[in-house]
Amino acid sequence: MDVNDKNYRGRVFDIVRQIPKGKLMTYGQIAILLGEGYTARTVGYVMHDADKDVPWQRVINSQGMCSTQHLLLPHNKQQLLLEQEGIVFNEKGKCNLEEYRWKPEGYEEEDEQPSLFG
DNA sequence: AACTTGACGAGGG
DNA sequence: CCCCTCGCCAAGT
């Protein structure tokens, strides 16, 4: 699997583009969603070079924090952008994923139906 | 071809 | 909770 494959990157970006304003996804969540050949690390890797129309700021790590805060991005650009979208972070730069996590509708491949007669 | 480096994540102390 | 280690996988040296 080649992450430079436009199809590979395209699948990741297609998902990210669907994240609504005010919602978030994690790298790992996207990787699991796409399945075969995708891992959290590789998703993160392609995100560093996202297309202009991709809301890259809506993808954060599983701890509910912006992985970019101590990186090259000016200040806390990612967190700032998210706060402008209504996301609330605590003083340690963490947000409530339970509240903001978004799950796309059309991508369930192996849905686990909670059996009513369990 | 070996070794290091990440926009990652789960698990143990 | 915070910190560390380890598994992961592609890129850069």
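Notes on the structure follow. Within each chain, residues carry numbers counting from 1 in the order of the written sequence. Note on labels: chains are lettered from A, ligands numbered from 1, in written order. Totals for whole chains, interfaces and linings use all residues, but because this is a predicted model, local features are given only for residues with pLDDT of at least 70 and pairs of side-chain atoms are given and counted only at 80 or more. The basis for the side-chain values is all heavy atoms of the structure; hydrogens and waters are excluded.

Okay, helix α3 (residues 40-47) next. Three exposure classes are used, based on accessible area relative to the maximum for each residue type with a 1.4 Å probe and protein chains only: buried under 20%, partly exposed in between, and exposed over 50%. Elements are defined by DSSP. Helices are runs of H or I of four residues or more, strands are runs of E of two residues or more, and each kind is numbered from the N terminus. Here α3 has its buried residues at Val43, Val46 and Met47. Angular distribution of buried residues about the axis of α3 spans 105°; they occupy a single face of the element. By arc we mean the arc of the directions from the helix axis to the C-beta atoms, nothing more.

Residues in contact with DNA strand B amount to 14 residues; listed here are only the nearest, Tyr27, Gly28, Arg41, Ser62 and Ser67. We call a residue near a molecule or strand when any one of its heavy atoms sits within 4 Å of it. Each atom of DNA strand B within 4 Å of the protein was assigned to sugar, phosphate or base; sugar and phosphate come to 49%. Pairs of N or O atoms within 3.5 Å make up the polar contacts considered here, provided that, within protein, one atom can donate a hydrogen while the other can accept it, and that residues adjacent in sequence are counted only when both atoms are side-chain atoms. A distance of 3.3 Å separates a base nitrogen of DNA strand B from a polar backbone atom of Met47. Counting only elements with at least two residues in the surface near DNA strand B, the list comes to α2 (27-34) and α3. When residues of the surface near DNA strand B are assigned to their parent elements, the largest contribution, four residues, is made by α3. A per-class count over the surface near DNA strand B returns five nonpolar, eight polar and one charged. Residue classes follow a fixed rule: Ala, Val, Leu, Ile, Met, Phe, Trp, Tyr, Cys and Pro count as nonpolar, while Asp, Glu, Lys and Arg count as charged, and any other residue, Gly among them, counts as polar.

This brings us to the protein's contact with DNA strand C. Around DNA strand C, the surrounding shell holds nine residues, and the nearest of these are Val3, Asn4, Thr39, Arg41 and Tyr45. A share of 72% of the atoms of DNA strand C within 4 Å of the protein falls on sugar and phosphate groups. Across the surface near DNA strand C, the residue classes tally to three nonpolar, three polar and three charged.

Put simply, helix α1 (residues 6-18) and α3 touch, their axes get as near as 10 Å, and they point 85° apart. Here α3 runs roughly perpendicular to α1, going by the angle between their axes. For the pair formed by α1 and α3, the contact residues are Tyr8, Arg9, Val12, Phe13 and Val16 on the first element and Thr42, Val43, Val46 and Met47 on the second. In the contact of α1 with α3, the residues fall into seven nonpolar, one polar and one charged. Convention adopted: a line fitted to C-alpha atoms gives each axis, helices being fitted over their contacting stretch, and angles between N-to-C directions are expressed from 0 to 180 degrees. Between 65 and 115 degrees an angle is taken as roughly perpendicular, under 35 as roughly parallel, over 145 as roughly antiparallel, and anywhere else as oblique. Throughout, a residue-residue contact means that at least one pair of heavy atoms, one from each residue, lies within 4.5 Å.

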